[in-house]
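Summary of structural features
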Amino acid sequence: MLDKSYVVPWGKRGSMSTGAEAAVLADLVHESAPLPAGTRRERFERSFAESVGSRHAISVNSAAVALHMAIRMLDLAPGDEVIATPQTHRATVQPLLDHDVRVRFCDIDPTTLNLDPAALEALITPRTRALLLVHYGGCPAEMDTVMALARQHGFLVLEDCVHALGARYRGQSPGSLADIAAFSLHNDRAGTVLGEGGLITCNRDDWAQRLHRLRAHDTDTRTAHPRAARAPEPGVPAGATYTVPLQRGCVRRPGSDATMTEAAAALGQAQLARVETAAAKRRALAGRLDEVLARYPFLTPQSAPAHSTHAYHLYTCFAGHQELRDRLVLALDRRGVEIQLRYFPQHLLPQWRHRGHLRGECPVAERSWFEQHLNLPCHALLTPHQEDYLIEALDGSLAELNGGAPVPAAVPATVCGQR
């Protein structure tokens, strides 16, 4: 409820802050060096690349920009096909609306909410150029299977890692598992720059060079360059070269103004040291929530593969059907626990329905969102009292449902008047 004050609110801040963040900002305020120089930005990029295990990290001013620029690296052409997950925030797939490509949404695994490799294989065609996937809630996708299919069929893979800071897949960090990846440093993420921020990671030197040019205007800093004479001119022999003076700030290629500020980079650097601590705190709370759910067989938690480490940006669980899920949401809300459902299936949003996508295209994703899944608060800034209250409220709500009247059969859901 928008006008309600919750005992256990949904996380508005994703990471813990200490005096280190205040100190770096104070240093910037009193520094005499020009702030656009990028010293802190370059240091942050090197540190982030090292932490992820990637050759390059390019910082930008938002995760949405990071996704736009990463998709630019895929060099999509008219007629190409791109496979994407429907279980994600709209920012993952929104940039594809700018390209003349066919988007094929791939259904998800019902226990992880990540893209289902079996469904993926059925969608691959000779025109498949790229795949966009997300590590939903911080649960790593099955990257070995995905990348084997990508190499077999010759398409590129983009990881949306906005939830995945602190996660591991077979000991490796998301962001180093595919061809290119995008991260978020938004205010509610595991690592934050107290506002907006994003990063792109990749191993290709040519992509890194292109991304640096896209991030800022690619200006020519030379004062002149050689040029062949196109026609005989007074005093210039035919075929000779001569120099053409350049105006200061001549742009060689179009770019943007997406550079991360020095303040944001300095905050990001300070936050890197606390990513694992915050992730460990979320995992500890998730373990307590798992213990409660284990006592009630009609509710099950999202499961990560045994060889993965979940980051728990979102804690997700599944009810048997819609009526049970909705009753639990209301019971928790009455007890002062704020609940959100993330995310609405992308293929059913108006912009994608306009392109021909319909209900029934991804039945697992649709059933999960409309009938089964819910997200419980699980973030690093919950106090011990709030964590204890959440556990008691969840246990009490489930006990109430378990001891009450029999839950009726599922109620059909509708979208825009359609089943």
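- For the chain, the name recorded in an unreviewed UniProt entry is DegT/DnrJ/EryC1/StrS family aminotransferase, with Streptomyces nigrescens as its organism.
- According to the UniProt record, the Sequence similarities (unreviewed entry) comment for the chain reads "Belongs to the DegT/DnrJ/EryC1 family. L-glutamine:2-deoxy-scyllo-inosose/scyllo-inosose aminotransferase subfamily."
- The chain has a UniProt comment under Cofactor (unreviewed entry) that states "pyridoxal 5'-phosphate".

1. A closer look at the environment of Glu400
- Tracing the backbone through its elements, the reader meets Glu400 in helix H13 (residues 384-403).
- Judged by relative accessible area, which is 34%, Glu400 ranks as partly exposed.
- Separated by 72 residues in the primary sequence, Glu400 and Leu328 place their C-alpha atoms 9.2 Å from one another.
- Not counting residues up to four positions away in its chain, the partners in contact with Glu400 are Ala331, Arg334 and Arg335.

2. Structural notes on helix H12 (residues 363-372)
- Most of H12 sits out of view: seven of its ten residues are buried.
- Within H12 the residues assigned to the buried category are Val364, Ala365, Glu366, Ser368, Trp369, Phe370 and Gln372.
- Turning to H12, the residues buried within the fold contact strand E15 (315-319), helix H10 (322-334) and strand E16 (373-376).

3. Quick word on H13
- Between the first and last C-alpha of H13 there are 29 Å, a value that for 20 residues agrees with the 28 Å anticipated at 1.5 Å per step.
- Looking at the buried positions of H13, the neighbouring elements they touch are helix H9 (275-293), strand E13 (299-301), H10 and E16.

4. Quick word on the pairing of strand E1 (residues 56-60)
- With five of five residues buried, E1 lies mostly within the body of the structure.
- Side chains His56, Ile58 and Val60 project from E1 onto one buried face, and the interleaved Ala57 and Ser59 project onto a second face that is buried too.
- Across five bridges, the pairing between E1 and strand E8 (residues 198-202) is antiparallel. Its bridge partner being in E8, Val60 is matched across the sheet by Gly198.

5. Side note on the state of the cysteines
- Following the criterion strictly, the structure yields zero disulfides and no others.
- Cysteine Cys362 is unpaired, with the sulfur of Cys106 as its nearest cysteine sulfur at 7.1 Å.

6. Some words on the environment of Tyr169
- Mapped onto the elements of the fold, Tyr169 is located in strand E6 (residues 168-169).
- Taking the C-alpha atoms as reference points, Tyr169 and Ala306, 137 residues apart in sequence, are found 9.5 Å from one another.
- At 3.4 Å, the side chain of Tyr169 and the backbone nitrogen of Met143 are in polar contact.

7. A look at the packing of aromatic side chains
- According to the stated counting rule, one finds nine aromatic pairs in the structure shown.
- Summarising the aromatic geometry, the rings of Phe105 and Trp352 are spaced 5.4 Å apart at their centres and angled 85° between planes, so their arrangement reads as edge-to-face. Linking Phe105 in strand E3 (residues 102-105) with Trp352 in helix H11 (residues 350-353), this pair joins segments that are 247 residues apart in sequence. Across the pair, Trp352 and Phe105 agree in class, each one buried.
- For the ring pair Tyr136 and Tyr343, a centre distance of 6.4 Å and an interplane angle of 85° mean the geometry is edge-to-face. Linking Tyr136 in the loop between strand E4 (128-134) and helix H6 (143-153) with Tyr343 in the loop between H10 and H11, this pair joins segments that are 207 residues apart in sequence.
- The exposure class of Tyr136 is buried, given its relative accessible area of 0%.
- Ring-pair connections join several aromatic residues into one group, and the members of that group are Phe44, Phe48 and Phe183.

About the criteria used
- Within any chain, residue numbers begin from 1 and follow the written order of that chain's sequence.
- Local features are withheld for residues below a pLDDT of 70 in this predicted model, meaning they are given only at 70 or higher, and side-chain atom pairs are given and counted only at 80 or more; totals for whole chains, interfaces and linings count all residues.
- Think of the side-chain values as coming from all heavy atoms in the structure, minus any hydrogens and water.
- UniProt positions are given in the numbering used here, feature names are shortened, and annotations may be inferred rather than shown by experiment.
- Per the convention used, a helix needs a DSSP run of H or I reaching at least four residues, while a strand needs a run of E reaching at least two, with both numbered from the N terminus.
- A 1.4 Å probe rolled over the protein chains alone gives each residue an accessible area, and that area as a share of the maximum for its type sets the label: buried under 20%, exposed over 50%, partly exposed in between.
- Residues are treated as being in contact if the distance between any of their heavy atoms lies within 4.5 Å.
- Multiplying 1.5 Å by the helix residue count minus one yields the expected span of that helix.
- Paired strands, in this sense, are two strands between which DSSP finds at least two bridges.
- The disulfide criterion used throughout: a pair of cysteine sulfur atoms within 2.5 Å.
- Any pair of nitrogen or oxygen atoms within 3.5 Å is treated as a polar contact; in protein, a donor-acceptor pairing is required on top of that, and neighbouring residues in sequence qualify only through side-chain atoms on both sides.
- Two rings from Phe, Tyr or Trp (for Trp, the six-membered ring) form a pair when their centres are within 6.5 Å of each other. A pair whose planes differ by under 30 degrees is stacked, one over 60 is edge-to-face, and the rest are tilted.

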